Amino acid sequence: MFQYITLRVLKGALTFLAAITVTFLIVRLMPGDPTTAFISDSMTPKDVESLNALLGLDRSLLEQYLLFLRNLANFELGQSFFYKEAVSAIIAPKLGWTLLLIGTALFITLLIGIPLGVYTARHKGKWLDQTVSTLIVLGISIFIPLLAFALVWVFSLELGLTPVGGAVTPGIEGSERILSIMRHMILPTMTLVIVNLAQIVLFTRSSMLDVLKEDYIRTARAKGVNDRGVTWGHALRNAMIPTVTITGLMLGKMVAGAVLTETVFSWPGLGSMIYEAVQKQDFPLLQGAFIVLAFSVILMTLVTDLVVAWLDPRIKLHEGAAQ
Amino acid sequence: MGTPRNVLEFRKYRMGFRIDEQVCDLIDGLSFSVREGSVLGVVGESGCGKSMTALSVLRLLPTAAVVHGGEILFNGENLLAKTEKEMEKIRGRDIAMVFQEPMTSLNPVHTVGQQIGEVLRIHRPAMGADERRQTTITLLRDVGIANPEQRCDQFPHQLSGGMRQRVMIAIAVACRPQILLADEPTTALDGTIQAQVLALMQELKQQTQGSIMLITHNLGVVAETCSEVVIMYAGRIVESGTIEDIFDRPTHPYTRGLLASLPSLVSDSGELYSIPGSVPTVENLEPGCRFAPRCSQRRDICTREVPVLADVAAGHAVACWVTGAGATP
Amino acid sequence: MSALLQIRGLKKYFGLKKSLFQRERGYVHALDGIDVDLMEGETLSVVGESGSGKSTLGRTIVRLEQATAGSISYQGRDISTLSGASAQEFRQHIQMVFQDPYASLNPRLTVGHALAEPMLVHRKAANREVAKVAVGELLGRVGLRAEMAASYPFAFSGGQRQRIGIARALSLGPRILICDEAVSALDVSVQSQILNLFNQLKRDLGLTYLFITHDLAVVRYVSDRVMVMYLGQVVELAPRDAFFKRRLHPYSKALISAAPIASTAPREAKIILQGEIPNAINPPSGCRFHTRCPSVMKDCHVVEPPLREVEPGHHVRCHLYTSAS
């Protein structure tokens with residue numbers, strides 16, 4: 001087991017290295033002078049110099065790479081062009097907001113999605129199953145900003161139930177602040193949940209249907225286990241194994257969805273920061289964001305793999321499987 | 001003493017399958033019984049309905065199956081009339097089943113101990129966790145698994161096929177059921193392991209004084225394990241009786257054909273007999289006797305009317321216009 | 001009778017993938033030193049249970065697996081090391097019939113297509129027209145009608161599909177057929193049809209069979225000689241009559257005793273072996289059967305017995321017979 005974890009961590013580390021190397025190379029190997037993309041009129045010659053120093057353009061590619069890696073190891077991600085502050089300082093608080101949003105959205109998606117998937121599998125073909133399946137497919141088909149705007153219009157503008165944007169009403173402290181954050185989270189979380197619910201529900205449903213056909217389910221019934229026991233005690237744990245795997249993959253998609261969602265709701269997270277940085281061509285900020293995101297996604301995938309190994313005893317590798 | 005009573009009795013049981021909007025009947029009018037303390041073999045080839053017969057008792061038929069009528073009596077009560085809740089009490093406690101594929105019939109994410117313990121938990125709720133574990137270990141030892149304390153906490157994939165089948169048997173006998181339905185329990189096992197498992201089943205039956213309904217296509221297993229036999233073809237019984245009746249005095253052309261097509265282990269066989277043609281599928285069942293298309297002795301009446309299962313001697317019944325009771329030569 | 005196939009010291013080990021951190025790799029000893037000749041025109045049955053290596057033997061001979069060591073000589077040439085064009089050539093001489101009639105035919109090819117393909121690939125048929133005629137003949141030979149060439153496999157029953165599988169194996173005109181549990185998945189009434197077909201084909205085409213099976217009654221019916229395998233080794237090899245009248249190895253006795261007989265005649269008490277079939281990754285020391293042998297002796301777990309010919313043509317690997325006489 002320990003071996004399994006070590007191997008997985010190593011693979012994750014290698015993937016991360018590959019991701020940041022690609023990030024590194026993309027900019028520096030683009031045709032033309034990389035700096036011209038980022039030099040704007042508002043930059044002083046000193047800025048240009050520091051830009052060159054940052055990019056290490058006066059040195060060889062390999063030296064630049066090693067410098068890049070060394071900086072990374074010190075959490076040194078360079079300096080934002082626009083804000084003139086350390087990238088890491090800018091990203092840190094925004095990362096927190098994004099994690100809060102995505103984490104909550106993920107939790108609610110699973111909380112609603114898995115039981116819904118189980119329910120539609122057990123009642124396959126009946127009108128409830130068909131209604132649910134149709135509705136959630138609508139969910140994935142919707143263009144996120146459109147959904148977000150529609151929600152804001154209905155709930156915030158017309159009904160006045162929720163705030164229009166932002167993460168918190170400024171100036172409040174303590175428990176009031178927490179409540180405020182929660183109110184602000186409602187719409188953006190709803191958006192993310194609606195868009196990602198379909199995947200979980202449909203996947204859980206299909207996984208459950210497969211598992212329910214298995215021989216060991218028939219054995220369970222022959223033992224006198226009732227419907228509930230069969231569904232939750234026997235089928236679900238087996239059906240969860242592929243679903244957990246797909247959750248890991250879905251997280252990557254959710255992160256992409258966060259960019260659009262945060263922008264519409266002015267949620268001060270990494271997503272809207274990326275949007276701004278693209279507009280302002282703030283290269284170090286973008287680079288920093290990509291690296292942080294890559295790390296988070298790889299970490300979440302690693303956690304997913306470990307959860308799957310915990311769920312499935314057949315993955316306790318290399319122990320004496322009796323012949 | 002009196003005649004032993006019937007533990008299980010089928011009376012004119014009818015079931016079929018829903019295929020493409022149509023319902024095709026496979027079993028129409030099945031009637032037979034399992035006597036207390038006996039081992040009844042239900043023999044037939046693929047598609048004869050023997051597995052469906054067993055699943056019908058516990059009402060675990062696949063979703064495409066349709067039950068049309070008749071009764072299945074367990075100690076005099078009709079199982080087909082019971083509610084699902086009542087059936088859940090009977091399954092695993094009064095009637096238990098062992099399936100063919102030990103590799104896939106156990107849940108891969110639960111330990112062996114958990115799976116045996118589950119039956120105890122459901123049907124013996126008064127038992128505490130400690131007592132359950134002790135009982136589980138004793139059961140594992142009874143079915144001949146070495147190191148039961150260790151095996152108890154292992155997962156199915158860590159056991160061999162023979163051991164898994166023993167676990168299935170342990171699960172089945174945990175609550176001392178009155179009748180054990182065994183659907184091809186040893187077909188997927190090696191010969192020497194098959195001998196072990198069959199011996200185990202007989203031993204357990206002696207201890208618990210229960211009955212066994214053994215479903216198989218292997219006539220050798222039947223001859224050596226069963227006391228009575230029912231031969232099925234395409235959903236119907238064609239011959240039934242004691243093993244002496246079937247093996248020493250086979251009467252129905254299908255039974256005779258089957259026995260003649262078996263190569264012998266103890267003597268040299270000449271050219272093997274083969275029954276021409278093949279078993280019909282459920283969509284292609286003909287009126288009258290379903291074996292008629294392949295029967296060398298068929299007559300006109302065979303393709304028109306269904307032969308009745310009737311005694312040709314005490315306890316020995318045959319369903320055939322040509323060889324059965326009241327046949328005109 | 002000459003030896004068509006000579007197998008010497010054949011070994012096949014399957015490596016187990018261990019992780020980077022394990023020092024040694026484990027191996028599944030599927031075949032551990034097989035020496036046997038397949039005589040022209042005979043049917044040699046190979047019997048054994050799980051882990052015996054009987055299927056691996058068949059697959060290694062037709063080169064579906066690569067031997068780890070040893071040699072397989074056909075007509076004087078070692079075919080275990082062939083590759084490329086020469087391997088293609090030898091495939092015309094030795095063919096295999098598989099167990100599962102439902103899995104071994106490509107569901108997307110018509111029967112005619114599937115049968116013509118090997119002929120065209122090996123250039124036994126010049127073009128599709130010639131192949132079509134040959135396919136019709138083949139189907140007739142296995143008891144099917146030529147029109148069936150236009151149908152797809154799903155239209156046929158298990159027995160018919162197995163006949164098609166046999167036809168496919170015969171399409172290149174081989175001299176040796178390896179039948180790997182070829183009747184095990186069939187219903188009883190169909191099994192006898194196929195066994196009769198095998199006998200007829202042997203007479204008509206002068207074939208030599210290596211018949212792999214676990215069913216001893218079938219062995220008695222088809223074989224000229226019987227070879228019993230246990231955990232990758234040959235434990236007994238004898239002519240059929242000698243085997244069934246006087247089997248020597250305790251495992252052979254247990255196998256025959258365990259086999260159920262469809263008769264009410266009284267039988268000797270069954271020999272019930274204790275314990276499970278051991279792991280082929282770590283075979284027991286000395287005689288591999290010693291952990292379950294009812295006649296185990298003091299030395300059995302230390303010294304591995306050699307395969308000895310104790311009577312003309314009758315070989316046994318057992319300490320009960322290695323001492324004098």
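Just so we're clear, the structure is a prediction, and the values are computed from it rather than from any experiment.

Turning to the overall build of chain A, a few remarks are in order. When helices and strands are counted, chain A shows 12 helices and zero strands. The helix and strand sequence of chain A, counted from the amino end, reads α-α-α-α-α-α-α-α-α-α-α-α. A separation of at least 24 residues holds for 72% of the contacts in chain A among residues at least 6 apart in sequence.

Along its length, chain B carries 11 helices and 12 strands. Against the 2.2 N^0.38 benchmark of 20 Å for 329 residues, chain B shows a C-alpha radius of gyration of 21 Å, consistent with a compact globule. When its C-alpha atoms are laid out on the principal axes, chain B stretches across 70 × 50 × 50 Å. A burial count over chain B gives 50% of its 329 residues as buried. If you take every contact in chain B between residues at least 6 apart in sequence, the share linking residues at least 24 apart comes to 63%.

Residues and elements named next belong to chain C. Taken together, the eight strands give an open sheet; going across it, the order is β6-β7-β8-β3-β9-β10-β12-β11, and neighbouring strands pair in mixed fashion. Across the chains shown, the open sheet's two edge strands, defined by having one partner strand only, are β6 (94-97) and β11 (308-311). Taken pair by pair, the neighbouring strands of this sheet meet at an average axis angle of 25°, ignoring direction. In terms of strand pairing, strand β7 (residues 176-180) meets strand β8 (residues 208-213) through five bridges, oriented parallel. Opposite leucine 177, over in β8, you have tyrosine 209 as the bridge partner.

Bridge count for strand β11 (residues 309-313) of chain B against strand β12 (residues 316-319) of chain B is four bridges, and the pairing is antiparallel. Paired with Ala313(B) across the strands is His316(B), a residue of β12(B).

Now for unusual backbone geometry. Backbone phi values are negative for most residues with the exception of glycine, while trans is the configuration of most peptide bonds. Residues and elements named next belong to chain B. Even without a glycine there, the phi angle at glutamine 209 is positive, about 55°. With respect to the secondary-structure elements, glutamine 209 resides in the loop between α7 (191-208) and β8 (211-216). Here alanine 234, not a glycine, exhibits a phi torsion of approximately 50°, which is positive. Tracing the sequence through the fold places alanine 234 in the loop between β9 (228-233) and β10 (236-242).

Residues and elements named next belong to chain B. Overall, mixed pairing links the eight strands, which are arranged β6-β7-β8-β3-β9-β10-β12-β11 in an open sheet. Both outer strands of the open sheet, β6 (95-98) and β11, are each paired with one neighbouring strand and no more. Between one strand and the next, the sheet's axes are offset by a mean angle of 20°, whatever the strand orientation. Contacting β6 and β7 (179-183), helix α6 (residues 161-173) crosses the sheet at an angle of about 175° to β6.

All right, on to the packing of helix α5 (residues 87-122) of chain A against helix α12 (residues 283-311) of chain A then. Residues and elements named next belong to chain A. As a packed pair, α5 and α12 sit with axes 10 Å apart at the nearest point and diverge in direction by 50°. Taken together, the axes of α5 and α12 lie oblique to each other. Relative to α12, α5 is oriented so that their crossing is right-handed. Across the interface between the two elements, Val87, Ser88, Ile90, Ile91 and Leu95 of α5 pack against Pro284, Leu285, Gly288, Ala289 and Val292 of α12. Looking at the contact of α5 with α12, its residues break down into eight nonpolar, two polar and no charged.

Attention now moves to the interface of chain B and chain C. Counting residues at the interface gives 40 residues for chain B and 32 residues for chain C. Sorting the residues of the side of chain B that touches chain C by element identifies α6, α7, α8 (219-225), α9 (243-248) and α10 (253-260) of chain B as the ones contributing at least two each. By residue number, the principal contributor to the side of chain B that touches chain C is α7(B), which donates six residues.

Residue and element names in this part refer to chain A. Buried residues of helix α11 (residues 270-280): Leu270, Gly271, Ser272, Met273, Ile274 and Ala277, and no others. Of the surrounding secondary structure, the elements contacted by the buried residues of α11 are α5, α10 (227-265) and α12. At the C-terminal side of α11, glutamine 281 shows a positive phi close to 55°.

Residues spaced three or four apart along an α-helix point in a common direction, a consequence of the helix completing one turn every 3.6 residues. Relative to the 57 Å expected for 39 residues at 1.5 Å per residue, α10(A) spans just 44 Å between its end C-alpha atoms, considerably shorter than the ideal helical length. Ser266(A) occupies a position one or two residues after α10(A) and carries a positive phi of about 50°.

Moving on, we come to the packing of α7(B) against helix α9 (residues 250-258) of chain C. In the contact formed by α7(B) and α9(C), the axes pass within 8 Å of each other and the chain directions differ by 55°. The pairing of α7(B) with α9(C) is recorded here as oblique in orientation. Of the two possible hands of crossing, α7(B) and α9(C) adopt the one that is left-handed. Side by side, α7(B) and α9(C) meet where Gly191(B), Thr192(B), Gln194(B) and Ala195(B) of the first sit next to Ala254(C), Leu255(C) and Ala258(C) of the second. Residue composition of the contact of α7(B) with α9(C), grouped by class: four nonpolar, three polar and no charged.

Here we come to the environment of Arg247(C). Residue and element names in this part refer to chain C. Mapped onto the elements of the fold, arginine 247 is located in the loop between α8 (240-245) and α9. For the pair formed by arginine 247 and leucine 237, sequence separation is 10 residues and the distance between their alpha carbons is 9.6 Å. With sequence-adjacent residues up to four places away left out, arginine 247 is seen in contact with Glu236, Ser252, Lys253 and Ile256.

Right, let's talk about the nonpolar core for a bit. The biggest cluster of nonpolar side chains holds 243 residues, and the ones touching the most others in it are Ala170(B), Met213(B) and Ile231(B). Residues in contact with Ile231(B), not counting those within four places in the same chain, are Val43(B), Gly44(B), Ile237(B), Val238(B), Glu239(B), Ser240(B), Ile246(B), His252(B), Tyr254(B) and Thr255(B).

On to the environment of Asp28(B). All names here are of chain B. Mapped onto the secondary structure, aspartate 28 falls in strand β2 (residues 22-35). Linking aspartate 28 and isoleucine 193, residues 165 residues apart in sequence, is a C-alpha distance of 36 Å. Not counting residues up to four positions away in its chain, the partners in contact with aspartate 28 are Arg14 and Gly235.

The subject of this paragraph is the confidence of the model for chain A. All names here are of chain A. Per-residue pLDDT for chain A averages 81, and the proportion of residues at 70 or more is 89%. At the low end of the mean pLDDT range in chain A sits helix α2 (residues 34-38), at 56; at the high end sits helix α9 (residues 215-222), at 92. Across residues 317-323, confidence stays below pLDDT 50; counting only partners more than four residues off in sequence or on other chains, it has 14 contacts.

Procedures and definitions
Residues numbered from 1 in each chain as written. Chains lettered and ligands numbered in written order. Predicted model: local features only at pLDDT ≥ 70, side-chain atom pairs only at ≥ 80, totals over all residues. Helix = DSSP H or I, 4+ residues; strand = E, 2+ residues; numbered from the N terminus. Contact = placed C-beta atoms within 7 Å. Rg over C-alpha atoms; globule rule 2.2 N^0.38 Å. Buried ≥ 20, exposed ≤ 12 C-beta atoms within 10 Å, placed from the backbone. Pairing = 2+ DSSP bridges. Axes fitted to C-alpha atoms, helices over the stretch in contact; angles between N-to-C directions. Parallel < 35°, antiparallel > 145°, perpendicular 65-115°, else oblique. Left-handed = near helix turned anticlockwise from the far one by under 90°. Nonpolar A, V, L, I, M, F, W, Y, C, P; charged D, E, K, R; others polar. Expected span 1.5 Å × (residues − 1). Core = buried A, V, L, I, M, F, W, Y, C linked by C-beta atoms within 7 Å. pLDDT = per-residue confidence, 0-100.

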